[in-house]
Each structure stands twice: as C-alpha cells, then as structure tokens.
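# Structure assessment
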Amino acid sequence: MSSSIDQPNSITCKAMVAWEAGKDLVMEEVEVSPPQPHEIRVKVVCTSLCRTDITAWESQAIFPRIFGHEASGIVESVGKGVTEFVEGDHVLTVFTGECKTCKHCESGKSNMCQVLGLERRGVMHSDQRTRFSIKGKPVYHYCAVSSFSEYTVVHSGCVVKVSPQAPLEKICLLSCGVAAGLGAAWNVADISKGSTLVIFGLGTVGLAVAQGAKLRGASQIIGVDINPEKYEKAKAFGVTDFLNPNDCKEPIQQVIKRISGGGTDYSFECIGDTGMVTTALQSCCDGWGLTVTLGVPKVKPDITSHYSAFLSGKTLKGSLFGGWKPKSDLPSLVNKYMNQEIQIDEFITHNMPFEDINKAFSLMREGKCLRCVIHMPN
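All residue numbers here refer to positions counted from 1 along the written sequence of the relevant chain. Reporting in this predicted model follows two pLDDT cut-offs: at least 70 for local features of residues, and 80 or more for side-chain atom pairs to be given and counted; totals over whole chains, interfaces and linings ignore these cut-offs and use all residues. As a rule here, side-chain values cover all heavy atoms of the structure and leave hydrogens and water aside.

## Considerations on the packing of aromatic side chains
Aromatic contacts are taken between Phe, Tyr and Trp rings whose centres are within 6.5 Å, Trp giving its six-membered ring; a plane angle under 30 degrees counts as stacked, one over 60 as edge-to-face, and the others as tilted. Evaluation of the coordinates by the stated rule reveals eight aromatic pairs. Between Phe95 and Phe321, the ring centres sit 5.5 Å apart and the planes meet at 80°, which makes this aromatic pair edge-to-face. You can see Phe95 sitting in the loop between β5 (90-93) and α2 (103-107) and its partner Phe321 sitting in the loop between β15 (315-318) and α10 (326-338), a full 226 residues away along the chain. Note on classification: 1.4 Å probe, protein chains only; a residue is buried when its accessible area is under 20% of the maximum for its type, exposed when over 50%, partly exposed between these limits. Classification of Phe95 as buried rests on a relative accessible area of 8%. By relative accessible area, Phe321 is classed as buried at 3%. Grouping aromatic residues by their ring pairs yields a cluster made of Trp57, Phe148 and Phe361. For Lys235, the ring lying beneath its charged end belongs to Tyr231, and the centroid distance is 5.1 Å. We count a stretch as a helix when DSSP gives it H or I for four or more residues in a row; a strand needs E for two or more, and each element gets its number in order from the N terminus. Only lysine NZ and arginine CZ atoms are considered, and such an atom sits over a ring when it is within 6 Å of the ring centre and within 35 degrees of the ring normal.

## Section: the pattern of salt bridges
Between Lys or Arg on one side and Asp or Glu on the other, a salt bridge is scored when a side-chain nitrogen of the former is within 4 Å of a carboxyl oxygen of the latter. Applying the stated criterion to the full structure yields 19 salt bridges. For Glu70, the salt bridge is made with Arg371, and the minimal N-O distance between the two is 2.8 Å. Here Glu70, found in strand β4 (residues 70-78), pairs with Arg371, found in strand β17 (residues 371-375); they are 301 residues apart in sequence, far enough to count as distant. Residue Glu70 is classed as buried on the basis of its relative accessible area of 0%. Asp286 is the partner of Lys314 in a salt bridge, and the nearest nitrogen-oxygen pair spans 3.9 Å. Of the two residues, Lys314 sits in the loop between α9 (308-311) and β15 while Asp286 sits in the loop between α8 (274-283) and β14 (290-293), which places them 28 residues apart along the sequence. For Lys314, a relative accessible area of 9% translates into the label buried. Judged by its relative accessible area of 48%, Asp286 is partly exposed.

## Some words on the side chain of Ser72
Take Ser72: it is sitting in strand β4. Residue classification places Ser72 among the buried positions, given a relative accessible area of 1%. Any pair of nitrogen or oxygen atoms within 3.5 Å is treated as a polar contact; in protein, a donor-acceptor pairing is required on top of that, and neighbouring residues in sequence qualify only through side-chain atoms on both sides. A polar contact of 2.7 Å, which involves the side chain of Ser72, links it to the backbone oxygen of Leu168. When sequence neighbours within four positions are dropped, the list of residues in contact with Ser72 reads Val44, Val45, Cys46, Val91, Leu92, Leu168 and Cys172. Note on definitions: a residue-residue contact is assigned when non-hydrogen atoms from the two residues lie within 4.5 Å.

## As for the side chain of Ser195
One can find Ser195 in the loop between α4 (177-188) and β10 (196-200). A distance of 2.6 Å separates a polar atom in the side chain of Ser195 from the backbone oxygen of Ser192.

## As for the sheet that holds strand β6 (residues 132-134)
Either a parallel or an antiparallel arrangement is found when strands of a sheet pair, and the pairing is made through backbone hydrogen bonds. Paired strands, in this sense, are two strands between which DSSP finds at least two bridges. Taken together, the four strands give an open sheet; going across it, the order is β1-β2-β6-β7, and neighbouring strands pair in antiparallel fashion. Each edge of the sheet is formed by a strand with only one pairing partner; in this case those strands are β1 (11-17) and β7 (137-139). This sheet shows a mean twist of 50° between the axes of neighbouring strands, independent of strand direction. Relative to β7, β6 is paired through three bridges, and the arrangement is antiparallel. Among the inter-strand pairings, Phe132 is bridged to a residue of β7, identified as Val139. Each axis is a line fitted through C-alpha atoms, taken for helices only over the stretch in contact, and angles between the N-to-C directions span 0 to 180 degrees.

## Things to note about the nonpolar core
Among buried residues, the Ala, Val, Leu, Ile, Met, Phe, Trp, Tyr and Cys ones that are joined through side-chain atoms within 4.5 Å form a nonpolar core. Formed by 97 residues in total, the largest nonpolar core has its most connected members in Leu197 and Phe268. Core analysis: the second largest hydrophobic core is formed by nine residues, Val198, Leu243, Ile252 and Val255 among them.

## A word on the sheet that holds strand β11 (residues 220-224)
Judged by pairing direction, the sheet is parallel, and its six strands sit side by side in the order β12-β11-β10-β13-β14-β15 without closing on themselves. Edge positions in the open sheet fall to β12 (241-243) and β15, since each of these has one partner strand only. Going across the sheet, the axis of each strand differs from the next one's by a mean of 20°, ignoring polarity. Of the strand pairs in this sheet, β10 and strand β13 (residues 266-269) are connected by four bridges, and their pairing is parallel. Its bridge partner lying in β13, Ile199 is registered against Phe268. The sheet strands contacting helix α7 (residues 252-260) are β10, β11 and β12, and the helix crosses β11 at an angle near 165°.

## As for the UniProt feature "domain: Alcohol dehydrogenase-like N-terminal" (unreviewed entry) in the protein chain
UniProt positions are given in the numbering used here, feature names are shortened, and annotations may be inferred rather than shown by experiment. As annotated in UniProt, the feature "domain: Alcohol dehydrogenase-like N-terminal" (unreviewed entry) corresponds to residues 36-162 in the numbering used here. As a span, residues 36-162 carries 11% helix and 29% strand, and end to end its C-alpha atoms are 22 Å apart.

## Notes on the pairing of β17
With four of its five residues buried, β17 lies for the most part within the structure. With three bridges joining them, strand β3 (residues 39-48) and β17 adopt antiparallel strand pairing. In the strand pairing of β17, Cys46 is matched with His375.

Shown next as structure tokens:
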C-alpha cells in the first residue's frame, strides 16, 4: 500500500484572498490540491509584501486571487518526478523559474526562462489550472507562487533550496526585492569602483541598488525621492547625496548633471514610472552612461526618448530579478548574508502576524515601510 507521503492528499488551510481590486483581503478557508508532477507543496513560514503585489492587487482583473510571491518556507510534500527536494527542506519561492534546459537557461546570457518565466494568468505553468479552491470554485494564483496562504503549491523549478541555518524570517526578502536591486547593480550594470550613479526611488529595490553600489566602491550615490524621511535610512545603505524633486527649482536631471560633473555613469529607475525612465536617461553622462529600469509601471507602459540620447552613446537596459538565475545564483546570496557580506535585516521595518496583512498593505501604500514581514501561524 502506498504511503500518504507518496500520494499527498488535499489539505485545508487559511489564506488571505483578494476578491476585488483594491479591496481588503479576506481570511478564508481554502483547499490546496496535492502537488502534481514536478511540483512541491510548501508550508509558508514567512512572506514579505512587495510593491508589485500592491500594483497587481490595485489593477489586475483576475479574481478571486491569492497574492504574495516573496516568501520562505518548508517543503511539506513533493509530486512525482521531484528528486531535488524532500519533505522538510527549507526553501525560497521565486516568481520566475529556471528549468535549466531551455535556450535562455543554457545561454549563460539570460534569466528569462522560456518554460517557467513570469506567469501572468493566475494558473500553474504545467497544466494551466489552479491548486486553490473555495467550495469547489477556483481561486487563482499570483506569479505561480501565492504566498499569502499557509500552504501553497509551486513548480519545483520556481523554488530554491537553502541552508537550514539561514533565518527564514530574514532571507525571504532575497526571493524578490533585495536580490533584484543587488543584481541590477552587480549583474546588469556591473558597477565599477569609483563610479557615480543616481537612483530614482528609495524603496527596498532602490536601497538594494545603493547597497550593491557601495559594496562595489562607487564614489557618489545620488538618491532621488519625494519622501524626505527616507534620507537617513538611505545613508545607511550608501547614499551620499539626497535630492527631493519637489525642493528643486530646476529639472532634476539638470541638478544631477551639475552635482555629478556632467551626468552620472549609471542611473537606475526603481519607481515604475516610464516618464522617470526618460529623466534617468537624461541624468547619465554622454558616451557611456547606462540607465537600468527595474520598476513595474502602473500606467503608460510605453517609454519615449529623443534619439539623440542613444546617438550620444547612452544605453537603456531592462532588468528582471537583477539578472540572477534563481536556482543557480540565490544560494550564493544567502551565503553572503550568512557571512555578513550583505545587509537584509535593515530593510525590515515591520514584523506582523498573518491576520494583520491588510495593515501591511496600508503601510506600503502610505510609504511608511520598506518591507513588512508577515509571520505565518506555527
């Protein structure tokens, strides 16, 4: 007779379900299906709230839905064909996977997996169905993770095994925001020692870019934000100059060019404002100025820029998850944290129980937090 470990059953647990755009999440009893082939079911330990969750919750049309994608947990059960994970493994979830066999995964040039890339339809990659239901009716996923649930099912290619010594309540931040910023600085821009840069938006991602630049030895790190309360926090991550556009009497790009001696070597757009991408391009220097865009825009997805910016030698690059191949690269970031080579704790401004997740949404919408870590019931 097969054991229950070989054939997991459906389980019922609590999840915070979004029923409508912009409306408070509701604690519900949901049924979580067993993991299908090449999937695992994870007991979520901690999940942190990312700005992208807010943007999707406010604007996307797929409901009911369980949001959340920046999470850590413990493997509860595995589906057929899974050999990399066993029950009890500590893991990070990732919103974009790594199959290791597609053209992009094998290229060494990209982390845009063609099999397990960003999932936008609220279903699993493997069969285009959901693993959540309420009274027999489907509840949709978010980014194929859905960590605002006590248990979730994810593809084994969208999960990273980590050291059991790493604190899950801290390293959950590496499954999206902090890793995205560090990677933009190190992998995408490849910031050099003594260089100058400007960062538009000093949230978690922007401050992670600053940390990465500081560790690379950048000589000037200009932070731009309309919230003056962020300056003191930003200094701790390496920001040397703070600019509030509301306090400037001339266009912000002119101020940046003046204080950087003709424009910065690098500029990073971490807001999700395509108009600011244009400003970021105008802020970096001619000849070799590189602008990296990391933000996810709520409106106006098209970027406009005068051709002369590119004729003068400037470059615009996009960045998804900082260029990290999640399964290949995230364990090394966890090790850097464990060796005290990178900061994570300083990004965590609030710790909250699962039932207070709507308070976390309010804090982020009001700009009063960097990362709220949500702790699941034991």
